[in-house]
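# Structure at a glance
These are the residues of each chain, in order.
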Amino acid sequence: MNPFMEKPMPVDKLYMDWNMMYPVPYNKNNVDPYTKCRIILMNGTEFEAQWFSRNFGRHCENNDIRRDLAIIRRSEQQQQKRISCLKPKDETILEHTIGYEQLAVDLTAVLAKKEKNCNVRNALDFALLEDFDHLYRYSNLLNLEYGVYPEKLVGGYTEIMPARPTISEHRHPKDSVFRYINNKKSDMITKLNVNIITAAEQQTMNYYMNVAPLYCKSDIGRRLYQEIGMIEEEHVTQYESLKDTRPTWLEDLLMHEYTECYLYYSCMMTECDRRIKNIWEQCLAQEITHLHKAKEMLEKYENKSYEEVLGCDGTFPDILKLEPNIEYVRGIIRNTTGNTQKMEKVVPIFDLMPKADFYKYQNIVNKDINSVASHMTIEQYIRNKGCDYRYEVAPNPLMVLRNRRDDNTSLARIPAMTPKSSVVAGNDYCNCENS
């Protein structure tokens, strides 16, 4: 599909009434897990569209442009309200969180598997293991405090077991920045991947920032959201650093709208719920109008064509399809769990000097291991149940993560306690320059 070849709706037909904006939610007991993931993804995509537009408006002195942005933004706001209310009232914060982390795992894996830029792929694979471990921590909390079995929520599509321990993910802010891509040299799929994962992780960060104080079941739950929310802040920094910094505001607006069209089209083509598929179809029609408006603004104010900016005629690459990635994730766990980040590079934990910033930061935030919520959650579960909660199709790929009666707090944090087999040797884990 090429959205530029589609006829846009009239602008005054974009807006919805209150009934249309408040849809019937999904049934949490029989909804397909990937339907929930698509809803979370598109909610985050609309949030990203909102905040990009607002920042554009705050840095623009042309009121005609600001009025055009306001027209698009009002429609994006209505879309976001409609999508977010697909979540039912009886789904708890923690149940919804499982959807967030399942999306983070399977979306990241799907993007990484087709990514050709090694710098972007490194970033995706690196954070993938951390979101995978977050799914494990939240799952233990959910089963402990609510008696809900998370494997039912993920539908058996995604395993639940430890990876790089959350305690090992706390890095110095200087070590959370990658090299940015060059849009003019990058494939469209790379540019889309960077936009998509940035929006998705930003939504996760925002969700945890807001729900931590609203979680009322326990202090350990509030603290777990607080801790993992800090890791999500790292992830957003990592992913947004991949974006090319050189496009103009209007060029970036076009890419934002194109990304939304691509995602709504992908959702529409892969959705199994007929009613929600109809919502994706309607949102796509609205986004095509937004995209055409962005194209007109680019032509009017910068005398540029969309082909010049996108580097193609606008035809979508292969659609994004959420699917199980069990074997792919297992391979990443097996070979890269012992890695960390040092400046722009992903490196084995063994490569860090004793005075590295990683250790300085660890010694501040994790000086008392027994007060680290991600560790406390698993330890409390083990005390109550005898062993941790998991959903595995086979034993963990790493022997050091197979003990279900002890939470590993050393892997990827203490070199002497990290197996050399858990990092990729030599140059297999590429650290490329801008490409």
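Let me begin by describing the structure that accompanies this report. (Residues numbered from 1 in each chain as written. Predicted model: local features only at pLDDT ≥ 70, side-chain atom pairs only at ≥ 80, totals over all residues. Heavy atoms only, no water.)

## Considering the packing of helix α2 (residues 33-58) against helix α4 (residues 93-113)
Between α2 and α4, the least distance of the axes is 9 Å, while the angle of their chain directions is 85 degrees. Classified by the angle between their axes, α2 and α4 sit roughly perpendicular to one another. Touching Pro33, Tyr34, Cys37, Ile40, Leu41 and Asn43 of α2 are His96, Gly99, Tyr100, Gln102, Leu103, Asp106 and Leu107, all from α4. Partitioned by chemical class, the residues of the contact of α2 with α4 number eight nonpolar, four polar and one charged. (Axes fitted to C-alpha atoms, helices over the stretch in contact; angles between N-to-C directions. Helix = DSSP H or I, 4+ residues; strand = E, 2+ residues; numbered from the N terminus. Parallel < 35°, antiparallel > 145°, perpendicular 65-115°, else oblique. Contact = heavy atoms within 4.5 Å. Nonpolar A, V, L, I, M, F, W, Y, C, P; charged D, E, K, R; others polar.)

## Concerning α2
With 26 residues, α2 should cover 38 Å at 1.5 Å per step; its first-to-last C-alpha distance of 38 Å lies within 8% of that length. Here α2 lies mainly inside the structure; 21 of its 26 residues are buried. (Expected span 1.5 Å × (residues − 1). Buried < 20%, exposed > 50% of the residue type's maximum accessible area, 1.4 Å probe, protein only.)

## Let's talk about the side chain of threonine 237
With respect to the helices and strands, the residue threonine 237 is situated in helix α8 (residues 219-240). You can call threonine 237 buried: its relative accessible area is 18%. Not counting the four nearest positions on each side in its chain, threonine 237 is found in contact with Ser176 and Val177.

## With respect to unusual backbone geometry
Note on backbone geometry: most residues besides glycine have negative phi, and most peptide bonds are trans. With a phi angle near 55 degrees, asparagine 303 is a residue other than glycine that sits in the positive phi range. Assignment of secondary structure puts asparagine 303 in the loop between α10 (274-302) and α11 (306-310). According to the relative accessible area criterion, asparagine 303 is exposed, its value standing at 70%. Of note in the backbone geometry, methionine 343 takes a positive phi value of approximately 55 degrees without being a glycine. Mapping methionine 343 onto the fold places it in the loop between β1 (339-342) and β2 (345-348). Residue methionine 343 is classed as partly exposed on the basis of its relative accessible area, which comes to 39%.

## A few points about the pattern of salt bridges
Working definition: two side chains of opposite charge can pair if their charged atoms are close together. Per the stated rule, a full pass over the model turns up 23 salt bridges. A salt bridge links arginine 137 to aspartate 407, with the shortest nitrogen-to-oxygen separation between them at 3.1 Å. Placement of arginine 137 in helix α5 (residues 118-146) and of aspartate 407 in the segment after α14 (373-385) is noted, with a sequence separation of 270 residues between them. Under the relative-accessibility criterion, arginine 137 is labelled buried at 2%. Note that glutamate 234 is salt-bridged to arginine 171, the shortest N-O span being 3.0 Å. Within this pair, whereas glutamate 234 is found in helix α8, its partner arginine 171 is found in the loop between α6 (150-153) and α7 (188-211), the two being separated by 63 residues in sequence. In this structure, glutamate 234 and arginine 171 share a single accessibility class: buried. Overlapping salt bridges bring together Glu130, Arg164, Arg171 and Glu234 as one network. (Salt bridge = Lys/Arg side-chain N within 4 Å of Asp/Glu carboxyl O.)

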